[in-house]
Amino acid sequence: MNNTAQIKKNYQFIKLQKLVIVSILIGFLSAFLGVILKNTTEYYEEIFFHQTIVNPIFFVIFPVFGLSIIYFLREYLFKKKENKGIKEVFESTNSNSKNLPSYKIPSHFINGLLTVVFGGSTGIEVSTVVASATIGSVAQRKQNIFRQYKTELICAGVAAGITALFSSPIAGILFSLEVISKKVTRAFVVTNLIAVSIAFGLIYLLDEKPLFAVNITTWHISAIPYFILLGIIAGINSVYLTRCVLFFKEQFSKIKVPYFKIIFGSVILSISLFVFPQLYGEGYHAIKTLFINPNGIVLSLSLVLTFIGILVLKPIVTSVTLASGGDGGVFAPSLFIGAFLGLLVALVLNTYFNANVIPINFMIIGMAAVLSASIHAPFTSIFLVCGLTNDYTLFLPILVVCLISKYTAKMIYPFTVYSYSPSLVK
């Protein structure tokens with residue numbers, strides 16, 4: 001009996017050792033992939049966007065060229081398989097037989113990069129999530145001992161990828177928990193903590209800076225009613241984004257000739273980008289411009305119309321980008337919409353209701369609120385946005401508003417773009 005117990009104990013120790021080693025490997029590879037994709041995309045997007053400002057004809061050329069290249073790569077290099085985004089991860093974790101094939105790593109990396117660089121109005125976050133999830137999926141297939149930890153290792157890859165993108169290991173773990181796994185096991189804790197620790201160590205060594213450099217000083221308790229209002233409006237806007245994505249994907253799926261999808265998508269995207277260049281790519285360049293001096297922005301009719309136009313068109317161009325073959329998701333669009341929505345609400349309150357609120361606070365809270373409502377993950381959104389700004393001053397109001405926006409959205413429409421299935425509404 002003692003020998004049997006000792007053998008079992010040794011086996012468990014060896015299994016734990018291997019789990020730790022594979023978690024370290026997943027964390028490093030996923031974070032490395034995320035950092036390279038983020039920096040490469042940012043570098044080339046800036047170059048290409050500058051070209052469109054100098055010569056607006058590129059607003060027409062870039063979208064059709066980018067979507068065409070993605071189509072040909074998908075057709076002739078990546079086995080004619082479409083990228084389904086995070087739903088691919090769900091299909092893998094919910095099935096013992098379905099796995100994420102290794103080609104998903106270069107497929108999502110390359111297609112995500114090309115989509116954003118050539119003006120597709122989405123972001124690289126979902127591309128990173130699926131590619132890093134695939135790293136975890138491939139790792140668990142290497143030894144039989146890891147097969148029972150399939151979901152945990154996929155989540156470890158996802159958590160490390162999110163950590164690398166947003167400099168927030170807590171957001172990485174929470175996203176894996178709230179969106180992918182939805183349950184905590186001992187193996188989940190071990191693998192994900194190790195993976196995000198390695199990822200955070202890597203971005204620390206590489207001296208990766210927060211995406212947005214902002215100076216948040218304080219917030220006032222008198223602004224809470226206005227925060228609540230922002231949460232409700234953010235929830236409504238997130239439903240509009242979700243329904244747009246689902247609607248355009250359904251409509252474009254009826255187009256049987258792939259290049260017609262590219263042409264229709266490119267026309268809509270080109271016109272929108274020409275009118276509102278802020279919609280180019282993930283739109284972080286536009287958010288950074290707003291962050292420079294939001295207090296100095298004066299509300300005018302033209303500004304209101306611009307903001308409304310951007311808020312109406314962003315979900316449409318995001319949806320068209322995805323429906324016509326682009327790679328990405330609703331992460332970056334949610335942050336973009338939240339920033340513009342938050343600033344618009346603050347300017348209206350200050351101009352017409354003498355509310356004396358702080359615009360930059362509303363931008364930050366708006367970003368978290370729309371993301372929370374779009375993916376139904378309030379705690380991920382809190383730490384993700386705080387990680388983006390490297391500031392936790394607004395933690396409490398963000399928490400309140402994220403919960404309000406999420407449940408406002410769920411009351412109106414219970415699905416996200418990740419959870420929706422036609423069978424659920426029949």
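Here is a short report on the structure shown in this document.

Scoring rules and cut-offs
- Residues numbered from 1 in each chain as written.
- Predicted model: local features only at pLDDT ≥ 70, side-chain atom pairs only at ≥ 80, totals over all residues.
- Heavy atoms only, no water.
- Phe/Tyr/Trp six-rings, centres within 6.5 Å; stacked < 30°, edge-to-face > 60°.
- Helix = DSSP H or I, 4+ residues; strand = E, 2+ residues; numbered from the N terminus.
- Buried < 20%, exposed > 50% of the residue type's maximum accessible area, 1.4 Å probe, protein only.
- Salt bridge = Lys/Arg side-chain N within 4 Å of Asp/Glu carboxyl O.
- Contact = heavy atoms within 4.5 Å.
- Core = buried A, V, L, I, M, F, W, Y, C linked by side-chain atoms within 4.5 Å.
- Disulfide = S-S within 2.5 Å.

## Looking at the packing of aromatic side chains
Here's step 1: Going through the model one piece at a time under the given rule, you end up with 26 aromatic pairs.
Here's step 2: Seen in terms of ring centroids, phenylalanine 62 and phenylalanine 118 are 5.8 Å apart; in terms of plane orientation they differ by 70 degrees. Their pairing is edge-to-face. With phenylalanine 62 in helix 2 (residues 58–76) and phenylalanine 118 in the loop between helix 4 (104–117) and helix 5 (125–140), the pair connects residues that are 56 residues apart, well separated along the chain. Both residues of the pair, phenylalanine 62 and phenylalanine 118, belong to the buried class.

## Observations regarding the pattern of salt bridges
Here's step 1: Applying the stated criterion to the full structure yields four salt bridges.
Here's step 2: Lysine 38 is paired through a salt bridge with glutamate 208; the nearest N and O atoms lie 3.3 Å apart. In this pair, lysine 38 sits in helix 1 (residues 2–54) while glutamate 208 sits in the loop between helix 8 (186–205) and helix 9 (224–253), placing the two residues 170 residues apart along the sequence. With respect to class, lysine 38 is no different from glutamate 208; both count as buried.
Here's step 3: In this structure, lysine 209 engages aspartate 207 in a salt bridge whose closest nitrogen and oxygen atoms are separated by 3.2 Å.
Here's step 4: Assessed through its relative accessible area of 47%, aspartate 207 is described here as partly exposed.

## Here we look at the side chain of serine 132
Here's step 1: Tracing the backbone through its elements, the reader meets serine 132 in helix 5.
Here's step 2: For serine 132, the contacting residues outside a window of four places in its chain are Ser30, Gly157, Val158 and Gly161.

## Side note on the nonpolar core
Here's step 1: Ranked by size, the top nonpolar core spans 125 residues in total, and within it Phe175, Phe331 and Tyr418 carry the most contacts.
Here's step 2: The element contributing the most residues to this core is helix 13 (residues 331–352), with 14 residues.
Here's step 3: Apart from the residues within four sequence positions on either side, phenylalanine 175 is in contact with Ile86, Val129, Val158, Ile162, Ile180, Phe331, Ile375 and Thr380.

## Let's talk about the state of the cysteines
Here's step 1: Scanning the entire structure with this criterion turns up zero disulfides.
Here's step 2: Here cysteine 386 is not cross-linked by a disulfide; its sulfur's nearest cysteine counterpart is in cysteine 402, at 8.7 Å.

## Looking at unusual backbone geometry
Here's step 1: In this structure, aspartate 207 is a non-glycine residue whose phi angle is positive, near 55 degrees.
Here's step 2: When you line up the elements, aspartate 207 lands in the loop between helix 8 and helix 9.
Here's step 3: Of note in the backbone geometry, asparagine 390 takes a positive phi value of approximately 55 degrees without being a glycine.
Here's step 4: For asparagine 390, a relative accessible area of 58% corresponds to the exposed category.

## A short note on the environment of lysine 261
Here's step 1: By the secondary structure assignment, lysine 261 is in helix 10 (residues 258–275).
Here's step 2: Owing to a relative accessible area of 17%, lysine 261 belongs among the buried residues under this scheme.
Here's step 3: For lysine 261 and glycine 325, which are 64 residues apart along the polypeptide, the C-alpha to C-alpha distance reads 7.8 Å.
Here's step 4: Residue contacts for lysine 261: discarding those within four places in its chain leaves Phe252, Ser253, Ile255, Ala323 and Ser324.

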